[in-house]
Amino acid sequence: MKPCLLTVSSKVFIQRDYSSGTICKFQTKFPSELESRLDKQQFEETMQTLNNLYAEAEKLGGKSYLEGCLACLTAYTIFLCMETHYEKVLKKIARYIKDQNEKIYAPRGLLLTDPIERGLRVVEITIFEDRTISSGR
Amino acid sequence: MKNCEYQQIDPRALSVSPQSAQNHADKKLQRPRRKWQVFPGKNRFFCDGRLILARQNGILPLTLGLIIVTSGLFFAFDCPFLVTHLTVFIPVIGGVLFMFVVASLLRTSFTDPGILPRATADEAADIERQIDTSGSSTYRPPPRTKEILINQQVVKLKYCFTCKMFRPPRTSHCSLCDNCVERFDHHCPWVGNCVGKRNYRYFYSFIISLSFLTSFIFGCVITHITLRSQAGKNIVQAIQESPASVVELVICFFSIWSILGLSGFHTYLVASNLTTNEDIKGSWSSKRGAEESGNPYSYNNIITNCCVTLCGPMPPSLIDRRGFLPPDEVISVAAASEVELPPFIPKSEANMCTQSTKDALERMLHSTDLHGLCPSGTPKTTPMVLEVLSAPETKELSLSSGCSHQLARQAVVDPCPPFSKNNRRDSLHSINPAFRLASPSPTLSRSVLVLGEGPDIVFSPQQH
């Protein structure tokens with residue numbers, strides 16, 4: 001078992017993109033700190049998928065209106081038994097981020113944090129630096 | 001602290017501190033704390049974090065009391081007469097309205113209005129770095145605003161000094177609650193809470209139903225007195241027979257003006273997708289022209305605006321009141337046990353790591369979004385040490401934060417700035433600041449779990 005050290009070298013914060021209003025959307029601009037680690041296309045794909053998922057959560061349509069009206073009629077007690085559409089999509093997002101971390105980001109020494117843990121303000125990407133030391137055994 | 005150095009530690013010298021740490025840790029372990037207990041805003045929480053209220057909520061009981069008293073008097077004194085003289089549906093309708101009013105009121109008061117959690121230390125440092133272009137030593141920071149374009153309208157985003165972030169559009173900081181609230185409408189003292197994105201629809205249904213209730217009671221009481229005076233008596237006699245009606249009349253008369261006015265005003269706001277805050281400040285009124293308004297959030301269709309505001313998807317609460325705090329308890333236990341761990345042998349590095357791996361596994365299982373990170377003020381994040389063990393078979397990474405090594409000693413020595421969770425055991429923290437890293441995602445914790453077996457093997461030689 002060879003122990004190696006990873007240090008948190010820095011964190012990159014992807015801020016929200018408010019150009020379309022108050023909907024939850026993150027900037028897709030590729031940060032320069034990740035240039036050495038990650039493909040620009042890969043990053044943009046991740047962010048775009050995240051944005052699409054959030055858009056799906058906040059989508060206004062017949063289904064969401066129906067849910068709202070039904071909730072109002074049942075005096076919002078219906079949410080004691082079932083979860084809202086938004087919550088369902090948030091779970092989907094959490095699974096997606098976990099999947100992305102496992103497949104793409106962790107092998108490159110990066111870590112995506114689910115934005116919901118940061119109050120949907122930022123997507124936090126932690127950059128780890130490999131500093132393997134010799135055990136000298 | 002010499003414990004931070006990578007050398008042999010005489011456990012006897014530390015016999016006191018691990019002990020006290022252990023006791024303290026045990027004490028703390030018995031009561032895992034939830035996030036609402038350390039919430040920085042001025043709010044009160046009930047039912048173990050399920051219900052939230054503003055700190056200044058003295059008027060809420062008055063509101064409830066007025067509604068209950070008026071309705072109670074109505075049911076007790078007016079309904080019997082009206083049931084016999086008119087119809088039984090009067091108390092039924094009254095009852096339904098009353099239930100709806102109270103339910104909406106309680107819902108408005110106890111729902112999180114859309115509070116934004118404050119920025120973490122890392123985020124704040126990152127934002128500071130971005131705006132502090134000059135890097136000068138001027139004490140007074142420049143006014144911080146950011147201009148963005150929303151639907152071809154220039155919107156200014158202000159920096160909130162309390163929450164340390166740029167406020168999203170339509171967000172405002174409530175000084176009474178000391179929170180940034182999304183789509184901030186106003187702070188309603190009658191309801192004892194802010195009215196924001198998440199509880200606006202409840203607030204609106206409260207005032208609409210209250211208007212109906214007050215009008216209904218007012219009308220019924222007038223009818224009651226009229227009917228009584230018509231039956232051969234004059235009005236004074238009628239009033240004398242039913243004095244409660246006068247009380248109800250007075251209350252309803254005075255409240256009807258304000259409630260109806262408020263309902264009308266908020267109906268206008270809903271139809272134009274505005275908030276009280278924006279309307280009062282006149283944010284969009286200067287652009288009244290060909291379009292209905294310069295409001296970039298409006299859909300320019302009354303029905304759409306109403307639907308969006310009142311029936312839109314229900315966003316979740318962002319403050320996670322009932323989540324558990326990142327385990328200080330586990331940290332202290334880990335630190336204590338780690339200190340006890342005698343690194344007699346050269347491969348102690350691995351052993352310390354294995355022990356702390358286990359501890360970090362527990363930590364990661366309880367990982368939450370709150371994390372305190374040592375020196376946040378420095379422009380560059382001070383490197384913290386993460387212990388990583390790679391299994392010989394696979395290349396999976398297991399992250400554990402545990403040992404402090406000589407490499408990270410400079411980070412360790414810095415006394416950590418206010419650890420927001422009121423942790424008093426700073427000494428132990430300087431041993432293992434790495435514990436206070438941002439919690440990794442569950443993905444990696446799972447891979448840690450998988451590899452949990454491996455380190456034990458390395459651990460065993462230490463037994464002799």
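Computed from a predicted structure; not experimentally measured. (Residues numbered from 1 in each chain as written. Chains lettered and ligands numbered in written order. Predicted model: local features only at pLDDT ≥ 70, side-chain atom pairs only at ≥ 80, totals over all residues. Heavy atoms only, no water.)

**As for the confidence of the model for chain A**
Link 1 in the chain: Confidence along chain A averages 84 in pLDDT terms, with 91% of residues attaining 70 or more.
Link 2 in the chain: Here strand β1 (residues 2-14) of chain A stands out as the element of chain A with the lowest mean pLDDT, 77, in contrast to helix α1 (residues 40-57) of chain A, whose mean of 91 is the highest. (pLDDT = per-residue confidence, 0-100. Helix = DSSP H or I, 4+ residues; strand = E, 2+ residues; numbered from the N terminus.)

**Some words on unusual backbone geometry**
Residue and element names in this part refer to chain B.
Link 1 in the chain: Positive phi, close to 55°, is recorded for Asn273, a residue that is not glycine.
Link 2 in the chain: Tracing the backbone shows Asn273 in the loop between α7 (243-272) and α8 (276-281).
Link 3 in the chain: Phi is positive for Asn300, close to 55°, though the residue is something other than glycine.
Link 4 in the chain: Structurally, Asn300 can be placed in the loop between α8 and α9 (302-311).

**Digging into the nonpolar core**
Link 1 in the chain: In terms of nonpolar packing, the biggest core is built from 42 residues, with B:Ile67, B:Phe74 and B:Phe206 touching the most fellow members.
Link 2 in the chain: Those elements giving two or more residues to this core turn out to be α2 (59-85), α3 (89-110), β4 (145-150), β5 (153-160), α5 (200-230) and α7 of chain B.
Link 3 in the chain: Counting residues per element, this core draws most heavily on α5(B), which supplies 12 residues.
Link 4 in the chain: Residue assignment places this core across two domains, with domain 1 (42-116 + 178-311) and domain 2 (121-167) of chain B each supplying three or more.
Link 5 in the chain: With 34 residues, the next largest nonpolar core counts A:Phe26, A:Phe30, A:Tyr54 and A:Val89 among its residues. (Core = buried A, V, L, I, M, F, W, Y, C linked by side-chain atoms within 4.5 Å. Buried < 20%, exposed > 50% of the residue type's maximum accessible area, 1.4 Å probe, protein only. Domains from an automatic or database assignment.)

**Here we look at α5(B)**
Link 1 in the chain: Here α5(B) spans 44 Å end to end across 31 residues, near enough to the 45 Å set by a 1.5 Å rise per residue.
Link 2 in the chain: Among the residues trailing α5(B), B:Gly232 stands out with phi positive, at a value near 85°. (Expected span 1.5 Å × (residues − 1).)

**Quick word on the sheet that holds β4(B)**
Residue and element names in this part refer to chain B.
Link 1 in the chain: Read from one edge of the open sheet, three strands run β4-β5-β6, paired in antiparallel fashion. Among the strands making up the open sheet, the edge pair consists of β4 and β6 (165-166).
Link 2 in the chain: Judged from the two bridges that link them, β5 and β6 form a sheet pairing that is antiparallel. Bridging across to β6, Cys160 finds its partner in Met165. (Pairing = 2+ DSSP bridges.)

**Some words on the pairing of β5(B)**
Look at any regular strand and the pattern is simple: side chains alternate between the two faces of the sheet.
Residues and elements named next belong to chain B.
Link 1 in the chain: Pairing between β4 and β5: six bridges, direction antiparallel. Paired with Lys146 across the bridge in β5 is Leu157.
Link 2 in the chain: Count of turn residues in the β4/β5 antiparallel hairpin: two residues, of which Asn151 carries a positive phi of about 50°.
Link 3 in the chain: Linkage of β5 to β6, two consecutive antiparallel strands, is achieved through a turn of four residues, within which Lys164 is found at a positive phi near 60°.

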